[in-house]
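So you can see what is in the structure, the chains are spelled out below.
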2 protein chains.
Amino acid sequence: MPEARISTPKARGEETRARIVEAAIETLKREGFGGASARAIARTGGFNQALVFYHFGSVRELLLAALDETSARRMARYREVVDGAGNLQELIAAATEVYREDLASGHIKVLAEMIAGASSMPELGPEIVRRIEPWIDFATDAIARVSATLPFPVPVPPEDAAFGIVALFLGVELLTHLEGDGIRSDRLFELGSQLAAMAALLFGTLPASGKGGE
Amino acid sequence: MPEARISTPKARGEETRARIVEAAIETLKREGFGGASARAIARTGGFNQALVFYHFGSVRELLLAALDETSARRMARYREVVDGAGNLQELIAAATEVYREDLASGHIKVLAEMIAGASSMPELGPEIVRRIEPWIDFATDAIARVSATLPFPVPVPPEDAAFGIVALFLGVELLTHLEGDGIRSDRLFELGSQLAAMAALLFGTLPASGKGGE
């Protein structure tokens, strides 16, 4: 265990942490929460399992760091795609794209495994929810931004709509993950874009002399 | 183990099965999927654990029967409440009520534990989804029925909307379950009923010859 004891430069420590987190992500994806022991993670990464405890204190903290990492990656990608969406239809198209990537990237597998882990480790529950909060903030911003482009006032507090959308994503992704087939969810997203087109048409063509139509 | 060997009347067998299922539900609620062994379930119910295998073949089958049972109970209650709803606003009020009951009754705990169990027993995943299908059918019927009372055509295939609603329920219930506090979800349901009222107002006052008043 010399790596852990000698005083390494900060950069080296960061690198080691990143490598351990990566091994934890891989192990969660491949062996699930139940299989993600310090020993299994160390085997995946080819390092000594004592490094887990040296750098993270506990397997629990490491697994949360793994969830933080996949969340941060997905968030960066969501920002990129969603910030490019100028209106509701483009936003729904963007949401469909990143949703498919969520599944393909294994982020949903990691999240589903952590949610599963909350069963045997109940203190994980609030920690996972805390990590979902930034997604609600993100969705709130996206909704507020797109709302401003709509030809009608949106009668919904953006943060409440955002909670609903994040919960819907979670539900759809968990069902798809459990089922191992995305046919129904594909239809749901298609439906969303049809609805957005219809709403634009309907509200866009209301006799809206100023606000007269409402 | 004489109970299991001698040829008991059918009614007696049903009674025993029901008792075992009840013990499995209690054990899932109290000790989670990870704690729901044949031994623990037998201890909860005060019977010999061999009865589990005699009546259900495996713990897995028993746990699925437990999920079937809490689902069937909730479905009966949903039917009762939702069938009494004559329009969209009443339907949302009904959904709010039964959602709170879902949490209070422990059904969501049982479902969340089974979803967690799919982590260590992947073949559970499709079985759980199969048990969610009747809920999609149920929501499809409710949506189709209420759609007919709306003063405007609903541009959405009811079964697609139903999948979205069931996924939303699942997401909201899992988040609430993880968080252990229902404040956000309460706001979401409140929002739903406000939206329904607004939609009724908005569409009800469209210059739609004949439907004008609403």
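Going along each chain's sequence as written, the residues are numbered from 1 onward. Labels are handed out in written order, letters beginning with A for the chains and numbers beginning with 1 for the ligands. Local features in a predicted model are, by the rule used here, given only for residues with pLDDT of at least 70; side-chain atom pairs are given and counted only at 80 or more, and totals for whole chains, interfaces and linings are based on all residues. The basis for every side-chain value is the complete set of non-hydrogen atoms in the structure, without hydrogens or water.

Caption draft 1: Just the packing of helix 7 (residues 107–120) of chain A against helix 7 (residues 107–120) of chain B, in detail. Viewed as axis vectors pointing N to C, helix 7 of chain A and helix 7 of chain B meet at an angle of 115°, and their least axial separation amounts to 8 Å. When the axes of helix 7 of chain A and helix 7 of chain B are compared, the pair comes out roughly perpendicular. The crossing of helix 7 of chain A and helix 7 of chain B is left-handed. Touching A:E113, A:A116 and A:S119 of helix 7 of chain A are B:E113, B:A116 and B:S119, all from helix 7 of chain B. Counted by class, the contact of helix 7 of chain A with helix 7 of chain B contains two nonpolar, two polar and two charged residues. What counts as an axis is a line fitted to C-alpha atoms, over the stretch in contact for a helix, and the angles between N-to-C directions run from 0 to 180 degrees. Secondary structure elements follow DSSP: runs of H or I of four or more residues count as helices, runs of E of two or more count as strands, with numbering from the N terminus. Any angle between 65 and 115 degrees counts as roughly perpendicular, while under 35 counts as roughly parallel, over 145 as roughly antiparallel, and the rest as oblique. Each crossing is labelled by how the near helix is turned from the far one, with a counterclockwise turn of less than a right angle marking it left-handed and a clockwise turn marking it right-handed. When checking whether two residues touch, look at their non-hydrogen atoms; a contact exists if any pair is within 4.5 Å. Residues were grouped as follows: Ala, Val, Leu, Ile, Met, Phe, Trp, Tyr, Cys and Pro as nonpolar; Asp, Glu, Lys and Arg as charged; and all remaining residues, including Gly, as polar.

Caption draft 2: Structural context of the pattern of salt bridges. By definition here, a salt bridge exists when the distance from a side-chain nitrogen of Lys or Arg to a carboxyl oxygen of Asp or Glu is within 4 Å. Taken as a whole and assessed by the stated rule, the structure comprises 30 salt bridges over all chains. Residue A:R77 is joined to A:E101 by a salt bridge in which the shortest nitrogen-to-oxygen separation is 2.8 Å. Of this pair, A:R77 sits in helix 5 (residues 59–83) while A:E101 sits in helix 6 (residues 88–105); the two residues are 24 residues apart in sequence, bridging distant segments of the chain. The buried label goes to any residue with under 20% of its type's maximum accessible area, the exposed label to any with over 50%, and the partly exposed label to all in between, with areas taken from a 1.4 Å probe on protein chains only. Classification of A:R77 by relative accessible area gives partly exposed; the value is 22%. In this structure, B:R60 engages B:E123 in a salt bridge whose closest nitrogen and oxygen atoms are separated by 3.8 Å.

Caption draft 3: The arrangement of the nonpolar core in detail. Grouped together as the largest cluster of nonpolar side chains are 123 residues, with contacts concentrated most on A:L63, A:M114, A:I128, B:L63, B:M114 and B:I128. The residues contacting A:L63, other than those within four sequence positions of it, are A:A24, A:L28, A:F33, A:A36, A:I41 and A:M114. For this analysis, a nonpolar core means a set of buried residues of the types Ala, Val, Leu, Ile, Met, Phe, Trp, Tyr and Cys, connected via side-chain atoms within 4.5 Å.

Caption draft 4: Fine view of the environment of A:L103. Residues and elements named next belong to chain A. With respect to the element layout, L103 can be found in helix 6. When its relative accessible area of 29% is taken as the criterion, L103 is described as partly exposed. With 74 residues separating them in the primary sequence, L103 and H177 have C-alpha atoms 7.5 Å apart. When residues no more than four places from it in sequence are discounted, the contact partners of L103 are I108, E173 and T176.

Caption draft 5: Seen up close, the side chain of A:T140. As for its position among the elements, A:T140 is in helix 8 (residues 124–147). Aside from chain neighbours lying at most four places away, what touches A:T140 is A:P158, A:E159 and A:A162.

Caption draft 6: Structural context of the packing of helix 5 of chain A against helix 8 of chain A. Residue and element names in this part refer to chain A. Packing of helix 5 against helix 8 leaves a shortest axis separation of 11 Å and a crossing angle of 10°. Judged by the inter-axis angle, helix 5 sits roughly parallel to helix 8. For the pair helix 5 and helix 8, the contacting residues are R60, L64, L67, D68, S71, R74, M75, Y78, R79, V82 and D83 in the first and L124, E127, I128, R131, P134, W135, F138, A142 and R145 in the second. Of the residues that constitute the contact of helix 5 with helix 8, the class distribution is 11 nonpolar, one polar and eight charged.

Caption draft 7: Helix 2 (residues 10–35) of chain A, seen in detail. Under the convention used throughout, the expected extent of a helix is 1.5 Å for every residue step, that is, one less than its residue count. Helix length check: helix 2 of chain A, at 26 residues, gives a terminal C-alpha distance of 31 Å against a target of 38 Å (1.5 Å per residue), a shortfall beyond 12%. Of all the bends in helix 2 of chain A, the greatest measures close to 85° and is centred on A:K29. Buried within helix 2 of chain A are the following residues: A:G13, A:T16, A:I20, A:V21, A:A23, A:A24, A:I25, A:T27, A:L28, A:G32 and A:F33. Those residues of helix 2 of chain A that are buried are in contact with helix 3 (38–45), helix 4 (50–56), helix 5, helix 7 and helix 8 of chain A together with helix 7 of chain B. Note that bend, as reported per residue, equals the angle between axes fitted to the 7 residues terminating at that residue and the 7 residues originating from it.

This is a description of form; function is not addressed.
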